[in-house]
Amino acid sequence: MNLKQTKKIKPTKDSFLKLNQKKLHIVFTHDLISHFLYQRIGSRLKEQYNYGKSTSFEDILYSYNKNLKNKIQPVLNKELFKYNQLIIKLSQQLSKNKTIQRLKISDKNFEDKQAVLKRLQEKYAQVLKQVTHDYLKGFQKNIDEILLTARLASTLELNFLHKGAQHLELKAKDRKFGKIAVDNHYSTQEIIDGALDEQTRLYRVTRKTHIIGDILVNQQYITSQTRDDILLIQNRIMEEDWEEVLKKAGTSSIEEKEKNALFGALVLKEKMLAKEQVIEALKIQDRERQALKDRSSTPDLKHTEKPGADREKVRWIGDILVNQFGLSEYNRNKIVKKQMVRRFEHINLKFGLNISSAQQELFDELEKYFHLFYSEDRISAFVKVLREIPETLKRENIILWLHHKNISFGRIDKAVNALLTNQVGPGQKTLLAEGKTPVPDTLTYELQFNLKVKTPDDVLSCMVHQGKPLVQEKRHKGEPGINVHNAVVLPPTKNLLDIVRGKNVLKSGAVFKAECDGIPWLSEKNVISVSSDIKVPGDIIPAFSPLEFDCDFEVQGCIQPDVKISCCSLTTERLYGKARCSGNISVLEHTRGADITAQGTIRLSVVNNSTITSEKSIIIHTSANPNPNDATYQVSESILTCNDIFKIDADIASSIIRARNRIIFTRWKIGPDCKFIAGDSLEIIALKKKIEEFSSRIQGLSEETDHLKQRSFEKSAETKILHEKKIKELKTHILTIYRSEPETPEMDFRKTIVPKGCILQFPHNIKTIESDLAGFLFREVYNEEKKQFEIKMHRW
């Protein structure tokens with residue numbers, strides 16, 4: 001595509017203003033114009049914009065000074081070329097993403113899609129070629145006009161691209177900010193990288209760029225004075241903001257007084273006010289400072305302060321001199337500039353910048369008299385005197401040396417005076433600066449359960465479910481300190497109780513949680529664990545019902561009536577309530593009035609008036625010495641059902657026994673009113689219903705066939721043949737169902753008398769015993785000749 005043949009599209013007035021402001025900013029940051037001229041041109045540009053005029057930045061600049069053209073044009077050309085390249089790169093990525101999304105939903109083939117992307121790439125290559133050609137000519141056009149003319153971006157997209165470019169430019173400056181902070185030990189690279197990531201996150205959420213210095217101050221990783229120092233040497237603080245920087249400078253009372261006293265001293269040196277006026281202004285400031293201190297220490301006044309209200313501050317010395325003593329705003333700004341010169345000198349000393357040879361000679365000479373050393377965290381700085389200090393040494397010399405050593409916080413003036421007056425002799429040391437000691441973070445733990453487990457009540461009241469919080473870790477935030485280098489010292493963490501995760505415990509964030517149901521406990525070594533094996537040293541009473549825990553319970557007593565318990569496995573001495581288990585159940589003594597369901601095996605001893613159901617087997621075994629107060633029959637008036645084998649070594653009466661596969665008795669007595677059911681499972685019942693349905697249909701077809709036999713016409717004969725064929729098919733289905741049964745259930749009465757009147761029930765037959773029988777095995781067998789099932793008896 002030939003860009004020269006495309007119709008030009010003029011950018012908006014906003015775009016033209018932003019381009020002029022970009023040029024103004026470039027020229028100012030390269031120190032090519034004064035701050036005064038910067039403000040004047042900025043105002044002119046806004047006026048021209050408001051009046052709808054399109055005067056270029058160059059025309060306005062050269063109206064003030066034509067001689068600047070040769071100096072400014074190369075800088076503008078170079079910086080705008082770099083900026084335009086960035087805009088083109090961002091625009092190309094945006095266009096590529098949009099094109100790819102559009103092609104995804106189109107019906108074009110792969111080759112056509114690649115051709116579209118290739119044409120887009122060629123367009124941007126042509127744009128970049130044009131911008132490079134303009135750079136070689138020494139003049140850059142408005143990038144907005146170029147992209148609009150090439151139809152590669154809309155006005156809305158251009159605004160988005162410029163914001164993104166500004167963010168990237170600022171991010172580059174902030175990387176340099178981070179490097180300065182790391183090189184001078186104000187921060188670590190890890191903290192800087194985290195702040196840059198946070199900067200990116202905030203930009204994505206708010207579409208506003210937050211400078212890294214503010215982020216680090218908000219996160220309490222650096223002090224505001226350190227942030228301002230680095231921004232000043234990066235030339236990122238405008239001159240009109242210098243006074244605000246001075247007001248905020250000084251994190252100690254000594255530094256606060258020094259900066260105000262210096263302002264007053266400069267006013268006197270320039271002979272702007274009388275000495276008495278400056279002294280009175282400083283006294284007024286001292287009185288305000290003391291009054292504020294008194295009010296802040298009064299409890300009643302502390303509570304009356306409204307949340308969110310601006311806290312009262314001591315007035316800046318410049319404000320007092322202007323408002324009460326007639327200092328002009330012009331002179332005030334003049335003093336601010338002079339004081340900032342001192343600030344820049346100290347910053348240069350601190351960061352090792354622009355140190356003169358005379359200053360370096362002074363520092364080398366002072367090293368012969370003083371040895372500086374620090375505490376481990378550099379909260380304290382000490383000086384050891386190596387030789388007697390000469391009278392020619394001045395206070396200003398020591399202060400400059402301390403700035404060079406980057407001791408900019410907590411300086412002790414009394415110690416400096418003691419050095420100058422030889423109160424500290426050779427070989428002696430003294431505390432020279434004292435920073436702010438950090439207040440450590442404290443880590444405490446709040447237990448969510450009872451530690452004392454003695455009685456059954458304690459055990460059951462302490463139990464927790466899976467996912468239940470056991471311990472809440474609470475961190476009480478401390479306060480960072482500041483060392484003598486004005487660098488933040490992060491507060492350490494002080495553990496009042498160090499809890500360690502043990503068995504069946506998961507730590508999620510600041511919370512320890514149970515990974516299973518059970519009883520939590522804390523060992524002597526502060527290991528938090530959860531035990532799923534529960535031993536209850538006594539009875540479980542209805543007050544704790546229902547108990548629903550996926551645990552293994554061992555009850556050293558009785559589960560009382562009206563108690564409902566749901567668990568994994570259960571062992572108890574006596575069970576009179578309701579139990580649901582996913583595992584096995586063992587009742588060592590009595591089961592009375594109980595309702596038990598288990599997916600595992602159930603082992604019982606004495607069972608009365610209970611309903612027992614097991615997905616596996618039921619085993620009843622009477623203890624060697626049964627309780628004489630028990631009934632004659634150890635199993636009575638109960639219904640017991642299992643899905644495998646039922647084995648009983650006990651007397652039984654008035655009960656129903658169900659087993660899917662087998663019922664086994666050995667040498668025990670069976671009383672009246674007993675019913676034994678083998679193979680009566682849900683599957684068998686379903687098959688029986690099918691057989692009954694097929695039999696009913698067979699009977700209906702047979703009756704209809706008999707009715708047709710009485711007729712002689714041809715159609716009746718055909719229908720009769722169809723009916724007979726259908727009857728044969730249904731009988732085949734019944735036979736298939738019979739033969740498909742995988743197992744043959746049986747009842748095994750080994751040397752046990754089965755009394756007259758007992759009912760034996762199999763899937764397809766019911767037999768009532770007509771006389772007493774002993775030692776028989778009953779099995780339901782299919783008779784091939786009769787085409788039906790029969791009960792066969794086999795004597796042991």
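As a reminder, the structure under discussion sits directly above these lines.
This report concerns the structure included in the present document. (Residues numbered from 1 in each chain as written. Predicted model: local features only at pLDDT ≥ 70, side-chain atom pairs only at ≥ 80, totals over all residues. Heavy atoms only, no water.)

Here the structure, examined in full by the defined rule, presents 38 salt bridges. Between Arg227 and Asp214 there is a salt bridge; the shortest N-O distance is 3.0 Å. Of this pair, Arg227 sits in helix α10 (residues 224-233) while Asp214 is found in helix α9 (residues 212-218), placing the two residues 13 residues apart along the sequence. Salt-bridge contacts for Arg574 lead to Glu573; the nearest nitrogen and oxygen are separated by 3.4 Å. (Salt bridge = Lys/Arg side-chain N within 4 Å of Asp/Glu carboxyl O. Helix = DSSP H or I, 4+ residues; strand = E, 2+ residues; numbered from the N terminus.)

The subject of this paragraph is the packing of aromatic side chains. Summed over all chains, the structure comprises 13 aromatic pairs. Of the aromatic side chains, those joined through ring pairs into one cluster are Phe665, Phe676, Phe749, Phe776 and Phe778. Above the plane of the ring of Tyr83 lies Lys22, whose end atom (NZ or CZ) is 4.3 Å from the centre. In this structure, Lys429 packs its charged tip against the face of Phe382, placed 5.9 Å from the ring centre. (Phe/Tyr/Trp six-rings, centres within 6.5 Å; stacked < 30°, edge-to-face > 60°. Lys NZ or Arg CZ within 6 Å of the ring centre and 35° of its normal.)

Both strand β26 (residues 618-621) and strand β29 (residues 645-649) contribute to a ladder of 4 bridges, which runs parallel. Counterpart to Ile618 in the pairing with β29 is Phe646. (Pairing = 2+ DSSP bridges.)

Attention now goes to the environment of Leu68. Relative to the helices and strands, Leu68 is located in the loop between α3 (57-64) and α4 (69-104). Leu68 sits 10 residues away from Glu58 along the chain, and the two C-alpha atoms are 9.8 Å apart. Once residues within four sequence positions are removed from consideration, Leu68 is found in contact with Leu32, Ile33, Leu61 and Tyr62. (Contact = heavy atoms within 4.5 Å.)

For the rest of this paragraph, the subject is unusual backbone geometry. The phi torsion of most residues other than glycine is negative, and most of the peptide bonds are trans. Of note, the bond from Ser545 into Pro546 is cis; its omega dihedral lies within 30 degrees of zero at -5°. Considering the arrangement of structural elements, one finds Pro546 in the loop between β14 (533-536) and β15 (547-548). Of note, the phi angle at Asn235 is positive, near 60°, even though the residue is not glycine. Along the polypeptide, Asn235 turns up in the loop between α10 and α11 (242-248). For Asn235, a relative accessible area of 39% puts it in the partly exposed group. Even without being glycine, Asn504 reaches a positive phi, approximately 60°. Mapped onto the secondary structure, Asn504 falls in the loop between β9 (500-501) and β10 (505-508). (Buried < 20%, exposed > 50% of the residue type's maximum accessible area, 1.4 Å probe, protein only.)

What follows deals with the pairing of strand β37 (residues 773-783). The two faces of the sheet receive side chains in turn, since in a regular strand these alternate between them. For β37, the buried fraction is high: 8 of the 11 residues fall into the buried class. Pairing of strand β34 (residues 746-754) with β37, which is carried by 6 bridges, proceeds in the antiparallel orientation. Its bridge partner being in β37, Phe749 is matched across the sheet by Phe776. Bridge count between β37 and strand β38 (residues 788-795): 8 bridges; the pairing is antiparallel. Its bridge partner being in β38, Leu777 is matched across the sheet by His794. Taking the residues that link successive antiparallel strands as the turn, the β37-β38 hairpin has 4 residues, and the phi of Lys787 there is positive, at about 60°.

Moving on to the sheet that holds strand β28 (residues 639-642). Sheet architecture is open: 10 strands sit in the order β15-β17-β19-β22-β25-β28-β31-β33-β35-β36, paired in mixed fashion. Two strands bound the open sheet, and with one partner strand each, they are β15 and β36 (766-768). Looking at chain direction, strand β25 (residues 611-614) and β28 are connected through 4 bridges and run parallel. Counted as the bridge partner of Thr611 is Ile639 from β28.

Within the secondary structure, Val75 is located in helix α4. Sequence separation of Val75 and Ala415 is 340 residues, and the distance between their C-alpha atoms is 51 Å.

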